[in-house]
Amino acid sequence: MRKILIVQLVLLLKFSPASEAQDAFSSFSDLHIHPTYKHYNRPKTAEDMKLILAGSDTTGGKLRFTPELLAHFQSATPQQKAMSADNWESYLLSRKPRQRKALQRGLTSDLRNYDQASYAELKYTPGSILCNSFYPFEKQYALSFIKRLINGKLVSKMGMRRLRYYSTPAHAPLHDFLAEYYFSQLQDSVRPVHVTFPTALYQKDGETVGHGEPQQYYSQVKLVRDNGELRAALAHNAQLDSSDPDRVIISPMLMTIEGAQVLYGPLSGRKGYIGKPQNDNEHGQEKEIREELLSNVSLLKNLPHRLFFITLGHFAQNHVVGFAKTIDRDPESYQHRLPALLSKIPTVRNSIVNKEYDGFNDLHCQKLGLDVVKAFVDPTTTKYGKPTYIDVKHMDVKARIQYYYQRRRLEKELGIPIPIVASHFAVSGEKQAMAAATGLRPNFDRYQESEDPRAFYKKSILKGEDPVARAKYWREGVMEGRGYSRDLNSFERAMYQPLNFRDPTLLTSDATYDPFSGYDLAADKTAGWFYPWSLNLFDEEIIEINKSDGIIGLLLDPRQLGAFAPNYTEDYEKEMARRFQEISDSLPPEKLQELQLTPDNLKVIEYLKVEPLLRNIFYIVRLTSYQQAAERLPDTERNALNNYFFQYTPDDVTLRKAPWDIVALGSDYDGLIDPIDFAPTASYLPLLHRRMVVYAYIFAQLHAEDFHEPHRTGQPLITSLEDSRVKMQKLFYENGKKFILDYF
């Protein structure tokens with residue numbers, strides 16, 4: 001059900017970004033953002049595109065400029081240098097009213113309407129720390145006319161001419177990544193900023209509410225090479241005089257990559273092989289493809305700028321890892337559902353909703369998938385002496401479980417910490433058994449689950465809650481493959497049990513069992529509040545991420561945050577609106593003034609728009625708080641924590657972070673997301689941050705019965721506006737900054 005709006009939200013947009021005067025709210029840290037993706041994929045002319053691609057050309061399958069890449073960038077032709085201002089230009093300013101309305105309404109951002117994270121937006125959030133996610137296009141989605149049509153008209157809105165080029169034998173995704181890398185280096189890094197920051201987002205009778213404060217400074221967006229350059233940039237910002245109009249504020253960017261398709265080169269990127277590892281052995285090219293992919297791992301780890309982490313999965317099948325279904329994730333969006341309907345055509349279905357394998361690739365390539373993981377995290381094969389970490393976003397459930405075991409083994413083998421990166425996630429609200437059953441086997445992320453999870457669980461997982469039928473279905477129908485596609489192997493059987501990721505003997509199970517014998521649907525308090533597909537995190541992995549000293553970036557896409565979940569009914573929203581007003585009216589004006597807010601700035605429609613984000617944050621904090629409490633209790637007292645189906649698994653590894661220290665921002669701006677309506681671009685994040693201080697406090701009071709400290713029913717997880725201010729600063733800036741400084 002679509003969330004029912006109580007008030008029509010109207011943004012104040014002069015078609016220049018909104019932000020606020022530079023202060024503690026101006027900067028953010030972001031684990032997943034795409035500052036160069038849009039302008040790189042949208043050159044002004046076809047000739048410009050040719051020049052960019054020529055700058056990252058390959059000769060005979062070998063990169064001709066690899067050792068001297070920076071010198072190559074600096075030797076750009078005058079025509080190439082003429083593109084140096086592209087990423088600073090606001091695409092929206094030249095657009096038609098239809099595209100402007102897409103921004104006003106917070107609609108999905110694509111290549112043809114508005115930008116969320118270009119330098120034109122980021123210059124209004126100076127000093128932010130940005131993990132630039134370079135995305136090489138998945139060639140698999142350009143290999144047939146129907147796939148190009150779906151992509152160009154419904155998904156990315158990329159031009160058909162470009163998609164046709166991507167389908168040619170001459171193109172490989174590695175080439176695409178290097179071209180975007182090259183484009184980013186062509187851009188001017190410093191631009192002057194003269195702006196008046198509005199203090200309110202709304203229009204009242206057609207006039208701006210609030211006054212503006214003029215600001216002048218220079219904004220520099222800089223891709224940093226290593227930890228030393230990052231620390232130097234932050235130290236430079238720290239010593240600036242805020243009254244100096246000529247000050248240069250640096251926003252450091254770190255290189256990350258989204259998708260292991262980046263490893264596809266001239267051989268593995270051919271039509272007969274790309275995304276089809278089952279063909280390697282048949283064509284006698286298994287060894288050569290394996291060598292090319294692993295060679296490209298080494299290339300990426302030794303670029304002039306350190307590759308911080310890589311997201312191995314994405315939309316399509318690749319040679320490394322199975323993917324969680326993503327491209328058709330919103331059942332109420334025609335842009336998402338139509339590809340799924342069209343995918344009933346066999347030639348289209350491949351790479352959209354089907355995949356050749358799940359987990360890490362071990363079809364023919366000698367466990368190639370896990371070998372790629374080890375190659376990336378091995379610090380001895382890079383000039384930086386540090387791993388390229390693995391981001392678990394977009395991996396399927398089996399692959400994530402495999403990686404959590406592999407990571408612990410590699411930490412011991414290599415003698416280094418390997419934190420788990422979860423760069424842009426939300427939570428599913430499910431335990432591991434349910435996540436495996438609904439996101440892998442016997443179900444692969446069905447629309448019925450997101451539309452009505454309780455009905456779906458009752459019918460498809462619990463077999464009408466008949467214990468005899470359920471046990472028979474799981475023991476014989478799923479575990480042994482009777483009436484199903486095939487029986488599960490020993491690892492897959494083990495996936496439905498609570499695992500602690502430490503004991504290798506738990507990796508396999510010869511027994512058949514019913515994983516839902518103790519599940520009580522009526523008592524499940526989370527079903528219907530979150531987006532339940534396997535794209536999101538299940539409970540046990542949230543705990544494992546913390547134990548690894550990892551980080552969870554929360555993305556700003558309402559769909560994946562569960563904004564359209566069935567529990568957000570009209571009656572619920574009316575009740576929340578009433579109670580919101582009661583708490584909002586009781587807030588001391590002087591406390592709001594410290595946040596540069598007034599009571600008029602607080603809008604119930606804004607609160608309802610961010611409540612799904614807040615629910616995800618509080619869910620992670622509550623789960624971690626219960627784990628933390630359980631680690632300190634004797635076994636006999638842990639049962640008292642089970643009112644949220646908390647399940648403690650014994651482990652010799654304990655939590656590394658406090659509950660509020662694991663959550664950060666992973667916006668996914670310009671990653672084709674449908675943003676939170678009143679924060680449609682990165683330039684609105686300071687405004688979102690200020691309001692989140694108040695809205696998080698209000699959420700904590702409204703939902704103290706569900707989200708409270710262990711053993712302290714009714715004790716909210718945020719107790720005051722000042723407490724909320726500290727915790728929101730952690731979310732928007734401090735937690736991401738600390739993780740990046742510790743591990744980059």
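Enquirer: Help me understand the overall build of the protein, please; the structure alone is not making it clear to me.
Expert: Broken down by element type, the protein carries 28 helices and 14 strands. The buried share of the protein, reckoned over its 744 residues, is 63%. If you take every contact in the protein between residues at least 6 apart in sequence, the share linking residues at least 24 apart comes to 80%. On the protein, roughly 27,000 Å² of surface is accessible, and the fraction owed to carbon and sulfur atoms is 50%.

Enquirer: Would you explain helix H15 (residues 368-377) in this entry?
Expert: Residues spaced three or four apart along an α-helix point in a common direction, a consequence of the helix completing one turn every 3.6 residues. Burial analysis of H15 places seven of its 10 residues in the buried class, which makes it a mostly covered element. Every buried residue of H15 is accounted for by Leu368, Gly369, Leu370, Val372, Val373, Phe376 and Val377. Residues of H15 that are buried in the fold lie against helix H12 (286-301), strand S10 (307-311), strand S11 (389-391) and helix H16 (397-414).

Enquirer: Before we go on, may I ask you to explain the pairing of strand S12 (residues 421-425) in this structure?
Expert: When you tally the buried positions in S12, you get five out of five residues, the bulk of the element. For S12 and strand S13 (residues 551-554), the ladder comprises three bridges, and the chain directions are parallel. Looking across to S13, one finds that Ala422 is bridged to Ile552.

Enquirer: Looking at this structure, how should I read the nonpolar core?
Expert: Side chains that are nonpolar tend, in soluble globular proteins, to be buried together. Ranked by internal contacts, the top residues of the largest apolar core, which has 172 residues, are Phe177 and Leu312. With 13 residues, the single largest contributor to this core is helix H27 (residues 685-702). Once you skip the residues sitting within four places of it in the chain, Leu312 turns out to touch Gly259, Ala260, Asn318, Val320, Val321, Phe360, Val373, Phe376, Ile390, Asp391 and Met395. Counting residues in each nonpolar core, the second largest holds 20 residues, with Leu53, Tyr141, Ala179 and Ala316 among its members.

Enquirer: Looking at this model, I keep getting lost on the packing of helix H24 (residues 570-586) against H27. Mind explaining?
Expert: Relative placement of two packed helices is described by the angle separating their axes and the distance separating the axes. Between H24 and H27, the least distance of the axes is 10 Å, while the angle of their chain directions is 115 degrees. In this structure, H24 meets H27 at a crossing whose hand is right-handed. Of the residues in H27, those in contact with Met576, Arg579, Phe580, Ile583 and Ser584 of H24 are Tyr695, Tyr697, Ile698, Gln701 and Leu702. Within the contact of H24 with H27, the residues separate by chemical class into seven nonpolar, two polar and one charged.

Enquirer: When you look at the packing of aromatic side chains in this model, what are you seeing that I'm missing?
Expert: Aromatic rings in a pair are described by how distant their centres are and how their planes are angled relative to each other. In total, this model carries 34 aromatic pairs according to the counting rule given. Both rings, one in Phe308 and one in Phe309, keep their centres 5.2 Å apart while their planes meet at 55 degrees; by these two values the pair is tilted. For Phe309, a relative accessible area of 1% gives the class buried. On the numbers, 5.2 Å between centres and 85 degrees between planes, the contact of Trp529 with Tyr568 is edge-to-face. Residue Trp529 is located in the loop between helix H21 (490-494) and helix H22 (539-547), and its partner Tyr568 is located in the loop between helix H23 (558-561) and H24; the two are separated by 39 residues in the primary sequence. When sorted by exposure, Trp529 lands in the same class as Tyr568, which is buried.

Enquirer: What am I meant to see in the pattern of salt bridges here?
Expert: Side-chain pairing between opposite charges can occur once the charged atoms of the two side chains come close. For the structure on display, the rule yields 31 salt bridges. Ionic pairing is found between Glu413 and Lys374, a salt bridge with its closest N-O pair at 2.5 Å. You can see Glu413 sitting in helix H16 and its partner Lys374 sitting in helix H15, a full 39 residues away along the chain. The exposure class assigned to Glu413 is partly exposed, which follows from its relative accessible area of 39%. The closest approach of N and O atoms between Arg691 and Glu606, which form a salt bridge, is 3.3 Å. Of this pair, Arg691 sits in helix H27 while Glu606 sits in helix H26 (residues 604-631), and the two are 85 residues apart along the sequence. Both residues of the pair, Arg691 and Glu606, count as buried. Taken together, the shared-partner salt bridges connect Arg407, Arg408, Glu411, Glu544, Lys547 and Asp651 into one network.

Enquirer: Explain the side chain of Asn41 to me, please; I cannot follow it from the model alone.
Expert: Relative to the elements of secondary structure, Asn41 occurs in the loop between helix H1 (37-40) and helix H2 (46-54). Side-chain polar atoms of Asn41 contact the backbone oxygen of Tyr37, separated by 3.0 Å. Every residue in contact with Asn41, bar those within four places of it in the chain, is listed here: Leu111, Met158, Arg162 and Tyr166.

Enquirer: What is the right way to read the confidence of the model for the protein from this model?
Expert: Low-pLDDT stretches of the model should not have their predicted coordinates read in fine detail. Here the protein averages 83 in pLDDT, while 81% of its residues score no lower than 70. Long-range and interchain partners of residues 58-68, a stretch whose pLDDT sits below 50, account for 14 contacts in this model, where long-range means more than four residues apart.

Enquirer: For this particular structure, what's the right way to read the pairing of strand S1 (residues 29-33)?
Expert: Consecutive side chains of a regular strand alternate in pointing toward one face of the sheet and then the other. Within S1, five of the five residues are buried, leaving the element largely enclosed by the surrounding structure. The pairing of S1 with strand S4 (residues 129-134) spans three bridges and is parallel. Within S4, the residue paired with Asp30 across the bridge is Leu130.

Enquirer: Would you explain the side chain of His319 in this entry?
Expert: Residue placement: His319 occurs in the loop between S10 and helix H13 (334-342). Classification of His319 as buried rests on a relative accessible area of 1%. For His319, the side chain forms a polar contact with the side chain of Tyr264, separated by 2.7 Å.

Enquirer: Whenever I open this one, H16 confuses me. Can you help?
Expert: In a regular helix each residue adds 1.5 Å, so 18 residues correspond to 26 Å; H16 covers 25 Å between its end C-alpha atoms and thus fits that length. The buried fraction of H16 amounts to 13 of the 18 residues, a majority that puts the element mostly inside the structure. Capping the start of H16 is the job of one residue whose side-chain oxygen sits 3.3 Å from the backbone nitrogen of Lys398: Asp396. At the C-terminal side of H16, Gly415 shows a positive phi close to 70 degrees.

Enquirer: I'm lost on unusual backbone geometry in this one. Help?
Expert: Negative phi characterises most residues that are not glycine, and trans characterises most peptide bonds. Here the residue pair Arg441 and Pro442 is connected by a cis peptide bond, since its omega of 5 degrees sits within 30 degrees of zero. Structurally, the position occupied by Pro442 is in the loop between helix H17 (432-439) and helix H18 (447-451). A positive phi is found at Gln596, a non-glycine position, where the angle reads about 60 degrees. Tracing the sequence through the fold places Gln596 in the loop between helix H25 (589-594) and H26. The exposure class assigned to Gln596 is partly exposed, which follows from its relative accessible area of 43%.

Enquirer: I keep staring at the packing of H27 against helix H28 (residues 721-743) and nothing clicks. Help me out?
Expert: At a closest axis distance of 8 Å, the pairing of H27 and H28 adopts a crossing angle of 135 degrees. Here H27 is positioned oblique relative to H28, judged by the angle of their axes. Between H27 and H28 lies a crossing of right-handed hand. Within the contact between the two elements, H27 uses Leu685, Leu688, His689, Met692, Val693, Val694, Ala696 and Tyr697 and H28 uses Leu721, Ser724, Arg725, Met728, Gln729, Leu731 and Phe732. When the residues that make up the contact of H27 with H28 are grouped by side-chain class, the tally is 11 nonpolar, three polar and one charged.

Enquirer: Help me understand the environment of Glu480 in this model?
Expert: Among the secondary structure elements, Glu480 is positioned in the loop between helix H20 (467-478) and H21. Considered as a pair, Glu480 and Ala511 are 31 residues apart in the sequence and their alpha carbons are 9.8 Å apart. Aside from chain neighbours lying at most four places away, what touches Glu480 is Arg475, Asp487, Arg493 and Thr512.

Enquirer: Any chance you could explain the environment of Asn318 here in plain terms?
Expert: For Asn318, the position within the fold is in the loop between S10 and H13. Through-space distance from the C-alpha of Asn318 to that of Asn361 is 8.8 Å; in sequence the pair is 43 residues apart. In this view, Asn318 contacts Gln140, Ala260, Gln261, Tyr264, Gly275, Pro277, Leu312, Gly313 and Tyr357; residues no more than four positions away in its chain are not counted. There is a polar contact of 2.8 Å between the side chain of Asn318 and the backbone nitrogen of Val320.

Reading the values: rules and limits
Residues numbered from 1 in each chain as written. Predicted model: local features only at pLDDT ≥ 70, side-chain atom pairs only at ≥ 80, totals over all residues. Heavy atoms only, no water. Helix = DSSP H or I, 4+ residues; strand = E, 2+ residues; numbered from the N terminus. Buried < 20%, exposed > 50% of the residue type's maximum accessible area, 1.4 Å probe, protein only. Contact = heavy atoms within 4.5 Å. Areas by Shrake-Rupley, 256 points an atom, 1.4 Å probe, with all protein chains shown as cover. Pairing = 2+ DSSP bridges. Core = buried A, V, L, I, M, F, W, Y, C linked by side-chain atoms within 4.5 Å. Axes fitted to C-alpha atoms, helices over the stretch in contact; angles between N-to-C directions. Left-handed = near helix turned anticlockwise from the far one by under 90°. Nonpolar A, V, L, I, M, F, W, Y, C, P; charged D, E, K, R; others polar. Phe/Tyr/Trp six-rings, centres within 6.5 Å; stacked < 30°, edge-to-face > 60°. Salt bridge = Lys/Arg side-chain N within 4 Å of Asp/Glu carboxyl O. Polar contact = N/O pair within 3.5 Å; in protein donor to acceptor, adjacent residues only side chain to side chain. pLDDT = per-residue confidence, 0-100. Expected span 1.5 Å × (residues − 1). Parallel < 35°, antiparallel > 145°, perpendicular 65-115°, else oblique.

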